[in-house]
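# Structural features, examined
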Amino acid sequence: MRDLASLLADHPFFHDVPAPYVTVLAGCARNVAVQPAAYIFRTGEPANAFYVLREGRVGIELPPVGGSPRTIQTVSAGDVLGWSWLIPPHQWRFDARALTPVRAVVLDGECLRKKCEQDHDLGYELLRRFSQVIADRLESARLQLQDLYGGA
Amino acid sequence: MRAKTKTNGRGADPMRPDLFLIKRVRKETADTFTMELQPQPGSRVRPFRPGQFNMLDVIGVGEVPISISGDPASTVRVGHTTRAVGAVTNAMSRLGRGGLLGVRGPFGTGWPLDLAAGRDVVIVAGGIGLAPLRPAIYHVLAHRSRYGRVVLLYGTRTPSDILFRNELRLWGGRFDLDVQVTVDRGEGGWRGNVGVVTPLIRRAGFDPLQALAMVCGPEIMMRFAVQELQKRGVTNDRIYVSLERNMKCAIGLCGHCQFGPFFVCKDGPVFRVDRVEPWLAKREI
């Protein structure tokens, strides 16, 4: 069975992160398996973790307003899920639900925040990577709003 | 008197349509349909390169360029997939099985399937842009051992807008083809990917240092797809896009389809990205 540090090191999100940092991050990590249709987190709950997806697909949903929930994006193996642990007030802004069986490494947000405060280089490394994720998701959301395929 | 036009190299007048019978019509989505056309006496199915188009003439209504979406190996029928959006394509959709169409072509450039041999192949399609890529997929699958990893990434608006649904399901079941479909809006119990096609490029399994990419869809989608391919390390000389413009003559005479210094009908519709990139982001071109 592979240890958490090697699972993290092999994930695209942590590509080229120095090995000592991976070891530090693994200290805040644990494995998790989620059944299909189960909620991983819900809007408004405390955001105390992020998920390094190893297998499966997760829907990021807008909570239902009088109807059924609406999936606005999906993330899959190779992606990370959740950045609200990083940004005050540390509450989830959306629901996340497993669409297939999901296996992930969960990193404890509180533990990570403490380590980032202690080592700003580690904090910068994580922020740099999350900034890219946030920018990519924002770009995707903007493109979705364009209704790209309406005319083609 | 009609102006003298150059021939298409086989002695035929490229301005003279051949008569084809609509042998079969398959409704793909609410507004998109595929026709299988059969040549009438005196006409024949002309060989085509995947990516090329024909001019389809609804007699008495008008003529439009439509990409060929059928199997390039077929010698008895030619397939076209189009959306009913204008006067001609709406009239075409009303003709139905048994209707007659004038067909000129094939015209234009094709996908670089010979150059892709020995390489990983990344096919990125958006909306009805899957139709011009379908013959390339048929070709790659018919000559599968010539290619490395093959990835098909397809984005569309909703699950009900997915083209060639049954084929995508069959292709997705193959071990030698990675098919990923995503929709902008996951309606009707959809459990697949939701979002634009570009994140799929990020995750797809191919070697960017040698892969060749073929991209077709709305131009804004192609721009972002090209950027994502570039970010992964695919160089511009290995990225091809298919452009769409209004056309009239289809042989580079009338100038209707001018795109920068090119005529899409004759120099395209398939272009290597480094040839057209300066104009891809320009408005009103």
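Note that the structure is predicted; figures quoted are calculated from it, not measured. (Residues numbered from 1 in each chain as written. Chains lettered and ligands numbered in written order. Predicted model: local features only at pLDDT ≥ 70, side-chain atom pairs only at ≥ 80, totals over all residues.)

### Digging into the overall build of chain B
Across its full length, chain B holds 8 helices and 15 strands. Since a compact globule built from 285 residues should have a radius of gyration of about 19 Å, the 18 Å found for chain B is in line with a globular shape. Structurally, chain B occupies a C-alpha span of about 55 × 40 × 40 Å along its principal axes. Out of the 285 residues belonging to chain B, those deemed buried represent 48%. Restricting the contact set of chain B to residue pairs at least 6 apart, pairs at least 24 apart contribute 70%. (Helix = DSSP H or I, 4+ residues; strand = E, 2+ residues; numbered from the N terminus. Rg over C-alpha atoms; globule rule 2.2 N^0.38 Å. Buried ≥ 20, exposed ≤ 12 C-beta atoms within 10 Å, placed from the backbone. Contact = placed C-beta atoms within 7 Å.)

### Quick word on the overall build of chain A
The number of helices and strands found in chain A is 4 helices and 8 strands. Along chain A, helices and strands appear, N-terminal first, in the series α-α-β-β-β-β-β-β-β-β-α-α. Taking 15 Å as the expected radius of gyration for a compact globule of 152 residues, we find that chain A reaches 16 Å, a close match to that expectation. With respect to the principal axes defined by its C-alpha atoms, chain A has extents near 50 × 30 × 30 Å. Here chain A holds 152 residues, and the buried ones make up 30% of them. Within chain A, counting contacts between residues at least 6 apart in sequence, those at least 24 apart form 74% of the total.

### Observations regarding the pairing of strand β3 (residues 53-58) of chain B
Residue and element names in this part refer to chain B. For β3, the tally of buried residues reaches 6 of 6 residues, placing the bulk of the element in the interior. The two faces of β3 match: F53, M55 and D57 on one face and N54, L56 and V58 on the other face are all buried. As paired elements, β3 and strand β4 (residues 62-67) share 6 bridges and run antiparallel to each other. Each bridged residue has a counterpart across the sheet, and for N54 the counterpart in β4 is I66. Connecting β3 to the next strand, β4, in antiparallel fashion are 3 residues, including G60 with a positive phi near 90°. Across 4 bridges, the pairing between β3 and strand β6 (residues 100-107) is antiparallel. (Pairing = 2+ DSSP bridges.)

### Digging into the sheet that holds strand β1 (residues 29-34) of chain A
Residue and element names in this part refer to chain A. The strand order β1-β8-β3-β6 describes an open sheet built from 4 strands, whose pairing is antiparallel. Edge positions in the open sheet fall to β1 and β6 (80-81), since each of these has one partner strand only. Both strand β3 (residues 49-55) and strand β8 (residues 102-108) contribute to a ladder of 6 bridges, which runs antiparallel. Looking at β8, one finds that L53 is bridged to A104.

### Digging into the interface of chain B and chain A
Listed as interface residues are 22 residues of chain B and, on the opposing side, 18 residues of chain A. Within the residue set of the side of chain B that touches chain A, elements represented by two or more residues are β10 (193-194), α5 (198-203) and α6 (219-232) of chain B. Residues belonging to the side of chain B that touches chain A are distributed by class as follows: 8 nonpolar, 9 polar and 5 charged. (Nonpolar A, V, L, I, M, F, W, Y, C, P; charged D, E, K, R; others polar.)

### Considerations on the environment of B:L209
Residues and elements named next belong to chain B. Mapping L209 onto the fold places it in the loop between α5 and β11 (212-216). Owing to 12 C-beta atoms within 10 Å, L209 belongs among the exposed residues under this scheme. Between the C-alpha atom of L209 and that of L141, which follows or precedes it by 68 residues, the distance is 22 Å.

### Here's the deal with the sheet that holds strand β4 (residues 57-62) of chain A
Residues and elements named next belong to chain A. Pairing within the open sheet is antiparallel, and its 4 strands lie in the order β2-β7-β4-β5. Every other strand in the sheet has two partners, leaving β2 (39-41) and β5 (70-76) as the edge strands with one partner each. Across the sheet, the axes of successive neighbouring strands diverge by a mean angle of 30°, strand direction being ignored. The pairing of β4 with strand β7 (residues 95-98) spans 4 bridges and is classified as antiparallel. Bridged to E61 within β7 is D95. (Axes fitted to C-alpha atoms, helices over the stretch in contact; angles between N-to-C directions.)

### Notes on the confidence of the model for chain B
Residue and element names in this part refer to chain B. Here chain B averages 91 in pLDDT, and 95% of its residues register 70 or above. Long-range and interchain partners of residues 1-10, a stretch whose pLDDT sits below 50, account for 9 contacts in this model, where long-range means more than four residues apart. For this predicted complex, the interface score ipTM comes out at 0.88, while the overall pTM is 0.91. (pLDDT = per-residue confidence, 0-100.)

### A short note on the domain arrangement of chain B
All names here are of chain B. By the assigned domains, chain B splits into domain 1 (18-107) and domain 2 (113-280). For domain 1 versus domain 2, the distance between C-alpha centres works out to 22 Å. With 21 residues of domain 1 at the contact, the number on the domain 2 side is 21 residues. Secondary structure elements with two or more residues in the side of domain 1 that touches domain 2: β3, β4, β5 (78-83) and β6. At 3 residues, β6 tops the list of elements feeding residues into the side of domain 1 that touches domain 2. A breakdown of the residues in the side of domain 1 that touches domain 2 according to their chemical character gives 9 nonpolar, 8 polar and 4 charged. (Domains from an automatic or database assignment.)

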